[in-house]
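Structural characterization, general
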Amino acid sequence: MNNDLIATNIAKVLQQVSSAVEKYQREPASVTVMAVSKTQPADAVRSAAAIGMTDFGENYLQEALEKIETCSDLAVTWHFIGPIQSNKTRPIAAHFDWVHSVDREKLLRRLSEQRDPSLAPLNVCIQVNVSQEPSKSGVAPEELPKLLDLAADLPNLRLRGLMAIPAPAEGFTAQKQSCDALASLFADARQKHPSMDTLSMGMSADMEAAIAAGSTILRIGTAIFGARQV
Ligand SMILES: *Cc1c(COP(=O)(O)O)cnc(C)c1O
């Protein structure tokens, strides 16, 4: 996809976000758009960064590490949002600013051990399986409190919030229901961990519902970069 198209798409997404922010009376500064650049070339990241995008999300570790290296001259924030194998935590701890897809104790412990203490703490969101799909990543809601306590205790990590990838749903009402479910877990979690400030939800197809439900970081791929290259 060329530069102009990426710029047009970003303008469109930001416009949709700002109308939803207004409609649902959200604070404009409280909603960030992360550009999900998985499968896209480093040039696509450059194009998006050149017009002001600061946050990029990646799912596939090897691909991400190459892109981060190639783009090391850019002042951008990298978010790991894909499934994590426990033997792959070290490069994540070393090269990312954020991880949104932590869903078990072992990952938390390893990420904390492997994060260089001279770096800023690694920002962590716990992924929750809100739709309770047996095959999906994410911790079950009942097991969330234990994981939050551990994340808050470990050195070299900063517990920031919750993330979910709800089962695809058609229409605002159904989408908002899943987003509300995560928002409600987030509200509960903040009773005990008031410094949590991040609700990572909303993708290209459910941005509006996510904003209505309180998302603070939207993860937008297709609507910015077009269909993914495979
Ligand atoms: C791919 C992906 C996205 C972006 O999805 P789009 O529908 O392309 O906007 C967001 N979050 C996660 C975890 C993803 O894997």
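Since the model is a prediction, treat every value here as computed from it, not as a measurement.

1. Description of the packing of helix H5 (residues 105-114) against helix H6 (residues 144-153)
Two elements in contact, H5 and H6, have axes whose closest approach is 10 Å; the angle formed by their N-to-C orientations is 5 degrees. Of the possible angle classes, the one that applies to H5 and H6 is roughly parallel. Every residue of H6 that contacts H5 at Glu-105, Leu-108 and Arg-109 is listed here: Lys-146, Leu-147, Leu-150 and Ala-151. Looking at the contact of H5 with H6 residue by residue, the class counts come to four nonpolar, no polar and three charged.

2. Here's the deal with helix H1 (residues 3-23)
Note: α-helices contain 3.6 residues per turn, so residues at a spacing of three or four share the same orientation. The end-to-end C-alpha distance of H1 is 30 Å, a good match for the 30 Å that 21 residues give at a rise of 1.5 Å each. Listed in full, the buried residues belonging to H1 are Ile-6, Asn-9, Ile-10, Val-13, Val-17, Ala-20 and Val-21. One side of H1 holds all its buried residues, which, seen down the axis, span an arc of 110 degrees. More than 90 degrees from the buried face of H1, the exposed residues found are Asp-4, Glu-22 and Lys-23. Here the buried face of H1 lies against strand S1 (32-36), helix H2 (42-50), helix H8 (207-213), strand S8 (217-220) and helix H9 (222-225). At the N-terminal end of H1, a side-chain oxygen is found 3.1 Å from the backbone nitrogen of Asp-4, two or three residues along, and the residue is Asn-2.

3. Digging into the UniProt feature "modified residue: N6-(pyridoxal phosphate)lysine" (unreviewed entry) in the protein chain
If you check UniProt for "modified residue: N6-(pyridoxal phosphate)lysine" (unreviewed entry), the listed places come out as Lys-38 in our numbering. Positionally, Lys-38 belongs in the loop between S1 and H2. The class for Lys-38 is buried, based on a relative accessible area of 15%.

4. Some remarks on the pairing of strand S5 (residues 122-127)
With respect to burial, S5 is a largely interior element, six of its six residues being buried. On S5, burial covers both faces: Leu-122, Val-124 and Ile-126 on one face and Asn-123, Cys-125 and Gln-127 on the other are all buried. In this fold, the crossover linking strand S4 (residues 98-102) to S5 by way of H5 has right-handed handedness. Bridge count between S5 and strand S6 (residues 157-163): six bridges; the pairing is parallel.

5. Some details on the UniProt feature "domain: Alanine racemase N-terminal" (unreviewed entry) in the protein chain
Taking the UniProt record as the reference, the feature "domain: Alanine racemase N-terminal" (unreviewed entry) is found at residues 25-228. Between the C-alpha atoms that bound residues 25-228 there is a distance of 33 Å. The span itself is 38% helix and 19% strand.

6. Some words on the pairing of strand S3 (residues 77-80)
Taken together, the four bridges between strand S2 (residues 55-58) and S3 define a ladder with parallel strand orientation. Of the residues in S3, the one forming a bridge with Asp-55 is Thr-77. Regarding the hand of the β-α-β motif, the stretch spanning S2, helix H3 (residues 61-70) and S3 is right-handed. Note: S3 against S4, two bridges, orientation parallel. Among the inter-strand pairings, His-79 is bridged to a residue of S4, identified as Trp-98. A crossover links S3 with its parallel partner S4, the connecting element being helix H4 (residues 89-95), and its sense is right-handed.

What counts as what
Residues numbered from 1 in each chain as written. Predicted model: local features only at pLDDT ≥ 70, side-chain atom pairs only at ≥ 80, totals over all residues. Heavy atoms only, no water. Axes fitted to C-alpha atoms, helices over the stretch in contact; angles between N-to-C directions. Helix = DSSP H or I, 4+ residues; strand = E, 2+ residues; numbered from the N terminus. Parallel < 35°, antiparallel > 145°, perpendicular 65-115°, else oblique. Contact = heavy atoms within 4.5 Å. Nonpolar A, V, L, I, M, F, W, Y, C, P; charged D, E, K, R; others polar. Expected span 1.5 Å × (residues − 1). Buried < 20%, exposed > 50% of the residue type's maximum accessible area, 1.4 Å probe, protein only. Arc of directions from axis to C-beta. Polar contact = N/O pair within 3.5 Å; in protein donor to acceptor, adjacent residues only side chain to side chain. UniProt positions renumbered as here; feature names shortened; annotations may be inferred. Right-handed = clockwise from strand over helix to strand, strands pointing away. Pairing = 2+ DSSP bridges.

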